[in-house]
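# Architecture and fold: a report
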Amino acid sequence: MHNGFLRVAAVAPRVRVADTVFNTTEIINCLHRLRESKVELAVFPEMSITAYTCGDLFQNACLLDKAEEALARLCRFSADSPIHFIVGLPVRAQGALYNCAALLREGRIDLVPKTYIPNYSEFYERRWWRPAPADIELTVDIAGQRVAMGASRIFETHGVNIGIEICEDLWVPVPPSAALATAGAQVIANLSASPDHIGKYAYLKALIAHQSGSSVCGYVYASAGYGESSTDLVFDGKAIIAENGSIIASNPRWAPDDNITIADIDILAIDHDRMHISTFADCGERTQRNIGRSSYTPAVPQFDFSGVSLRRKVSPLPFVPSGDDARAERCEEIVNIQAAGLAKRLEAIGCATLVVGISGGLDSTLALLVAVKTFDRLGLDRKGIVGITMPGFGTTQRTRSNAVCLMEALGVTALEIPIGAAVEQHFKDIGHDPEVHDVTYENSQARERTQILMDVANRLSGIVLGTGDLSELALGWATYNGDHMSMYGVNVGVPKTLVRHLVNYFAMTHPEGSVTRSLLLDIVDTPISPELLPAARDGEILQKTEDLVGPYELHDFFLYYMLRYGFAPERIRLLARHAFKPEDYDDATIDKWLAVFIRRFFSQQFKRSCLPDGPKVGSVCLSPRGDWRMPSDASSHIWSDSVV
C-alpha cells in the first residue's frame, strides 16, 4: 500500500484451452509488465492456468498434474516478486475436485475454493466441481506445499486485507464477499469466466458496482477472454475495478491482446466509510461467519512509489459530474430537492409570499429560479415572490441591470431599495468614517440589506429566502446576522462550483435567443463578488471574492475530501496535486489556499452553529442539526501544522 492506496490489476490474458505451459507463460509475461507499473495485487481469471472451457478434460489426470506443475512454476516465480497475484486452477482434495483460486505471495500458496457451483442455462459445473465445504478448511498437498484450503478466509497483502470469491459467488443473493467484507476484507478479488451475451455486460457492471458499494470495498474482477473455446459460448475478456459503488476502471473488451486494467484503490476512503456508516459493523456482528485470517511478513523489497503518479482519476471538481448528460441529470435532481424542500416549508406554515434579495450574482439568481419553480409547482402566483435589489456603494450597472431585468423576465414582483443613505446614516450613528473601507464598512451594508428583507417580509406576511451556498458556509464568507440569516436557506447544500452549472442548466431550459436565457448566461459569466467596495473607475467589479479567499474550485475540493472522507491535510494535498494541472495551481498555491481553508473552516464554525433550515442535496452537508456537528472553539493546530 502506498499513501493509503493499493495498486491492483485485473488481467484477462490470452489462453489456449488445456495448454497449461502456454497459459502459465502468458501469466508470467503479464506479471513482468505489471511489475513495471508497480502493481501490488494482480487478479487473473477463473481457471486461468488451464482455461475455463476444458469440459470433461478437467477429470483427466494429465491436465490435473500439469496444472499442479504450472502452479509450482508460478510459485517459484513469486518467490522474489513484490507482486502478489491470484490465478485459477482445478485442485484435487479428499476424493473431490474443486474450482480454486490460488493466491501466491513470495513463494507461498493459499487456496480458496468456489462456493457456489452453477448448474443452469449454459453452465453445468456440478459435473466436475464440488462446492466449497461450509465453514470448513481442508488441507491439501500441492506443488510441494501443505496448503490450507477454505472459502471463509481473509488474506493480507501489502498491508491490506483481501477476500476472494469466484464468478458465480457474486451472482447469488448473499455473496461470500459480504461476509468477508464485514469481517475486515477491504478489497475483494473475483476470478471469473463469464461468457457474454446481449445486455449482460451492463448488468454485470451494475452488479459489481453495487457489491462494492453495499460491502464498502474495492472489487477487482477478471474474466476469461480470448482463446477460450467458442463451441457454444464467447468470452470477451472483462477486466473491471470498482470501489465503493463506482466503477473506477475497465477495459474495452474483445481485444485479442492481453486485457489489463490497472487502478489505485483508495483504502483510506474505504476505512473511513466503514467507520462512518455505523450499520456496517452492526451487520457484520449479526451475520458473521467463522472467518480465518492469513497474514504474512514480507521478505521481498516492496515497490518504491516516490514520485509515481496515481493510477486513478481524481476529478478537480468532485461535486460536478463529468459529461453533459450526467451534469444535466445531477442539476435536475438538485433543483427538485430544493424545490420540494421549499414547497414543504411554504405549505407547512401556510405562506404564499417569499422575499429574496437579488444581486445579479449566481447565488441569488439560483434562489430566485428555485422559488419560481416552487411557486409554479404549487400553483401559486409568481407575484408572490418579491425580489428586492438593493444597490449599494459597490453595485455595478451590469449586476443591477441583470437583477432588474431577470425579475421582470420571470414575472415576479420587483422592488428596488437603495441602501446608500441608510448606511451613511448608520455610519454617523456608530461613529464610523465612510472613507475607511474595512469590515465595518462592508458588514454594515450586508446587515442593512438583511434588515430590509426581514422587515418587508414582516409587512407582507412572508418569509425571507436565503441565498448563501455551501462553499460560503464552509469558509464563513457571510456577514453574521446579515446575509448569514434567513427563514429558509435554499442553497445551503449546493457548493459554489455547482451553482454555476445549475444556473446554466436553467438557462438551457429557455429558448435560444430569449431574454431570460441571455440574462442567465451573462450572470454565469459575471465575476463572483459581494460588491461591498466601490467599483473601478470604468464601472467594472473591483472586489472579486476569489482574489480574497481563494479559488472556489480549490476550496470545494478541500471541503469535499475533508468532510466526505475525513482526510488529513497531507492526503488532501496529495490528491489536489494529482487532480489539478501544475500550470493551473502549483504546489505552493495549493498549500497556500489549503492553509486558508483550514483556518477559515475552523474559525467560522460559530456561524454554522446557528444556521436556518435548508435542504441537504449531496453527501457533504454543514447543517448543525444533521451531518456536521462541531464545537465552535475546536483547535485547528494539528490540521494547520500539517500544511506548513
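Residues numbered from 1 in each chain as written. Predicted model: local features only at pLDDT ≥ 70, side-chain atom pairs only at ≥ 80, totals over all residues. Heavy atoms only, no water.

### A few points about the pattern of salt bridges
Under the definition given, this model contains 32 salt bridges. Of the charged contacts, one joins R92 and E68 as a salt bridge, the two residues approaching to 3.8 Å between their closest N and O atoms. With a gap of 24 residues between them, R92 in strand β3 (residues 84-93) and E68 in helix α2 (residues 61-78) connect regions that are remote in the sequence. D522 is paired through a salt bridge with R398; the nearest N and O atoms lie 3.1 Å apart. (Salt bridge = Lys/Arg side-chain N within 4 Å of Asp/Glu carboxyl O. Helix = DSSP H or I, 4+ residues; strand = E, 2+ residues; numbered from the N terminus.)

### Description of the side chain of T479
Along the chain, T479 falls in the loop between α12 (470-475) and β20 (488-489). Among the residues examined, T479 registers a relative accessible area of 6% and is labelled buried. Apart from the residues lying within four places of it in its own chain, the contact partners of T479 are N443, A446, R447 and H484. (Buried < 20%, exposed > 50% of the residue type's maximum accessible area, 1.4 Å probe, protein only. Contact = heavy atoms within 4.5 Å.)

### Observations concerning the pairing of strand β4 (residues 96-105)
Counting buried positions along β4 gives 10 out of 10 residues, so the element sits mostly inside the fold. Here β4 shows a buried face lined by A96, Y98, C100, A102 and L104 and a second buried face lined by L97, N99, A101, L103 and R105. In the sheet, β3 pairs with β4 via nine bridges, with the strands oriented antiparallel. From the neighbouring strand, A93 faces β4, where its bridge partner is A96. The turn joining β3 and β4, which pair antiparallel and follow one another in sequence, is formed by two residues; a positive phi near 50 degrees is taken by Q94. In the sheet, β4 pairs with strand β5 (residues 108-113) via six bridges, with the strands oriented antiparallel. From the neighbouring strand, L104 faces β5, where its bridge partner is I109. In sequence, β4 turns back onto β5 through a hairpin of two residues, with E106 there showing a positive phi of about 50 degrees. (Pairing = 2+ DSSP bridges.)

### Quick notes on the nonpolar core
Ranked by internal contacts, the top residues of the largest apolar core, which has 84 residues, are L368, F558 and F601. If sequence neighbours within four positions are ignored, F558 has contacts with I572, A576, I590, W593, L594 and F597. Core analysis: the second largest hydrophobic core is formed by 40 residues, F77, V91, A102 and F303 among them. (Core = buried A, V, L, I, M, F, W, Y, C linked by side-chain atoms within 4.5 Å.)

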